[in-house]
Every structure is written in C-alpha cells, then in structure tokens.
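# Coordinates in review
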Amino acid sequence: MLQLFLPLGSLGIVYRQVKYTLADMDMVFRLLETPQEVRDAPNATELQVTQGEIRFEHVDFGYQAERQILRGVSFSVPAGTKLAVVGHSGAGKSTLSRLIYRFYDVTGGRVLIDGQDIAHVSQASLRKAIGIVPQDTVLFNDTIRYNLQYGNAQATQAEIERAADMAQIRRFIESLPDGWETVVGERGLKLSGGEKQRVAIARAILKQPPILIFDEATSSLDSATEQAIQQTLHEVAGRHTTLMIAHRLSTIVDADRILVLDKGQVVEQGTHAELLALHGQYFAMWELQLHES
Ligand code: ADP
Ligand code: MG
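### Observations regarding the site of ligand 1
Taken together, the neighbourhood of ligand 1 is formed by 14 residues, with Arg67, Gly90, Lys93, Ser94 and Thr95 sitting nearest. At 3.2 Å from an oxygen atom of ligand 1 is found a main-chain nitrogen or oxygen belonging to Ala91. Between ligand 1 and the protein, one listed contact pairs an oxygen atom with a backbone N or O atom of Ser94 at 2.9 Å. Taken together, the residues of the shell around ligand 1 break down into four nonpolar, seven polar and three charged.

In structure tokens form, the structure reads like this:
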C-alpha cells in the first residue's frame, strides 16, 4: 500500500522489482519443472554474505522419501576458493548445486553460507548471492538483452557487451538480424545447447555474485570454445567462491580442492595431485579420460 503515497515516478521502480521477482520464481519453477516446494520461513532473515563460505554438514537428501540420493555429505568451500565436484553420472552432483540454491530443502543436516543456515534466510536474499549456470539452461521468452540483464537490471550496454565477449557469444548475437533485441526461448529463436550455456555464463558474469556454481557449464561446447571459456571461467572464479561440477577432469586440475562423489557419498577429497596419489576412483577416472581424447 505504501506505493500509493509515492510519486508516480517511483511506481516504475516498484513495478520493475516486482517483475524481476516474479521472473525469478518463474525461472526457478521452469528450471526444475517441479512445483515450488520450498517456502520462506515466517521469520526468515536476510542472508548476510560477509566472506562467501559454503559449508555442508552431514547433509541427507532424497527427491522422494523412499529413495535417498545424498547421504551424510560434509564439505566446505572456504571463501574465494574453488571446489570441483566430480563423479559418475547420477552420483548426485547436480543435486548438490540445487540444494545450495535451495530449489529443495535438505532432509537431514544443514547447508550454511557464512555460518547461516540457508533454510532460515529468505530465498530472494540467498539467490541474489549466487550465480548459477545449470546443466540445462532455460531461457525466458524475451530478448537476448533481457536474458543477459536478468539478475543485474542495472547493467549498462557496455557491461553487457563485455560479458557477452567473455562468454564468446557476442559475435553470434550481433550477427542476428535483430541483434540484442532478438526474442529467444520456446516461442522465439531456439538456441542450441552451447549457445544457451554461453548466455547463462554471460548472465553469471554480469551478475557478479559472491558465489558461483557451474554445473557442467561447458559440456555442450566444442573443445576450442570450451577451452576459451574455461580460461574465462578461471578468471571470473578467481574473485569468487566457486563450485564447479566438471565432466572433463582436465578443466579442474587447478581447483583448490576436488571432491569425488559416488552414489551420494563423498568418497575422496583433496587436490588433483593428492587424489592421483590415492590411486582410487579419481585416479581411475583420470586414466580413463587420458585415453579417451
Ligand atoms: P549427477 O549430476 O551427478 O549426474 P544428479 O544429481 O542429477 O546426478 O542425480 C542424482 C540422482 O537423483 C539420480 O539418480 C537421478 O535420477 C535422481 N534425480 C535427479 N533429479 C531428480 C528429480 N527431479 N526427481 C527425482 N529424482 C531425481
Ligand atoms: Mg548433473
């Protein structure tokens, strides 16, 4: 009701905030194709990001009660460091990223950011702090500009162009007849998996959040583009707490810490060199990939 007492000019601002909040919900909803199960606690506080440390404490989770997916998962990502998560398909890697963004609530244990249990903070404040490039990006039925600017409505054209450059998507966008105003998504121009990934990467770069999550973010790209973007991700991640889910191990050898997930459990943890020396699952995966390419 407060808006009624404000001059007309500020209504625009209120409206824009509402629009972005709704878009956020819509995005969350469509990303998962599941109903929104998570609600703000009545006394939810605003997440205060001071450092950007992520901590999992004995986390259990299942999408259905009868099928547990994560079992007693504990790890931490110190502020400003990069944690890579590897493991076979179905191990629960994407599930980890969804729990940090709180698409779902854990069934046991806690997920903390800078010591605050994310179940007790508002979803809006949590999601403001996180930039996520999911495995399968869903774009809004709106212009490319809107899709990039989403998450940072104040971004200038120059900043948008720079982010698109870094994500190797600017030339493609500018080659389209309608350029930045091209409508994409189901009812617009359909982009390939790799193009969508690059839009999502540019969006995350533009958002500049304290926490970044990349979920096999370059899996649909050809290896030349992947290499170029990995370099960018490396630069971008440098200043943020980063969780990088990797399918190609060569892209994460430099991670501060690598976590090997198997059937929802952490089975190995360490640096690339430490894990190789273990001669365990990571070593086996590394050997296998060496011979693949
Ligand atoms: P990864 O990313 O390591 O390949 P996921 O985290 O996507 O693995 O999936 C872990 C397990 O959870 C898989 O067995 C998968 O089938 C199951 N799963 C993933 N998403 C859902 C969902 N929305 N509903 C039910 N089960 C799911
Ligand atoms: Mg996955």
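### Re helix α7 (residues 193-207)
Helix length check: α7, at 15 residues, gives a terminal C-alpha distance of 21 Å against a target of 21 Å (1.5 Å per residue), a fit within 8%. Taken together, the buried positions of α7 are occupied by Gly194, Glu195, Gln197, Arg198, Val199, Ala200, Ile201, Ala202, Arg203, Ala204, Ile205 and Leu206. Taken from the residues just after α7, Gln208 is the one with a positive phi, measuring 50 degrees.

### What to know about the pairing of strand β6 (residues 130-133)
For a regular strand, side chains alternate in direction, first toward one face of the sheet and then toward the other. Burial of the side chains of β6 extends over both faces: Ile130 and Ile132 are buried on one face and Gly131 and Val133 on the other. Pairing between β6 and strand β7 (residues 211-215): four bridges, direction parallel. Note on β7: the bridge partner recorded for Val133 is Phe214.

### Details of the packing of α7 against helix α8 (residues 223-237)
At a minimum axis distance of 12 Å, the contact between α7 and α8 shows a crossing angle of 15 degrees. In terms of axis orientation, α7 runs roughly parallel to α8. Like other packed secondary-structure pairs, α7 and α8 cross with a definite hand, here left-handed. The segment α7 lies against α8, with Arg198, Ile201 and Ile205 engaging Thr225, Ile229, Thr232, Leu233 and Val236. Of the residues that constitute the contact of α7 with α8, the class distribution is five nonpolar, two polar and one charged.

Parameters and conventions
Residues numbered from 1 in each chain as written. Chains lettered and ligands numbered in written order. Predicted model: local features only at pLDDT ≥ 70, side-chain atom pairs only at ≥ 80, totals over all residues. Heavy atoms only, no water. Near = heavy atom within 4 Å. Polar contact = N/O pair within 3.5 Å; in protein donor to acceptor, adjacent residues only side chain to side chain. Nonpolar A, V, L, I, M, F, W, Y, C, P; charged D, E, K, R; others polar. Helix = DSSP H or I, 4+ residues; strand = E, 2+ residues; numbered from the N terminus. Expected span 1.5 Å × (residues − 1). Buried < 20%, exposed > 50% of the residue type's maximum accessible area, 1.4 Å probe, protein only. Pairing = 2+ DSSP bridges. Axes fitted to C-alpha atoms, helices over the stretch in contact; angles between N-to-C directions. Parallel < 35°, antiparallel > 145°, perpendicular 65-115°, else oblique. Left-handed = near helix turned anticlockwise from the far one by under 90°. Contact = heavy atoms within 4.5 Å.

Scope: geometric values only; no functional claims are made or implied.
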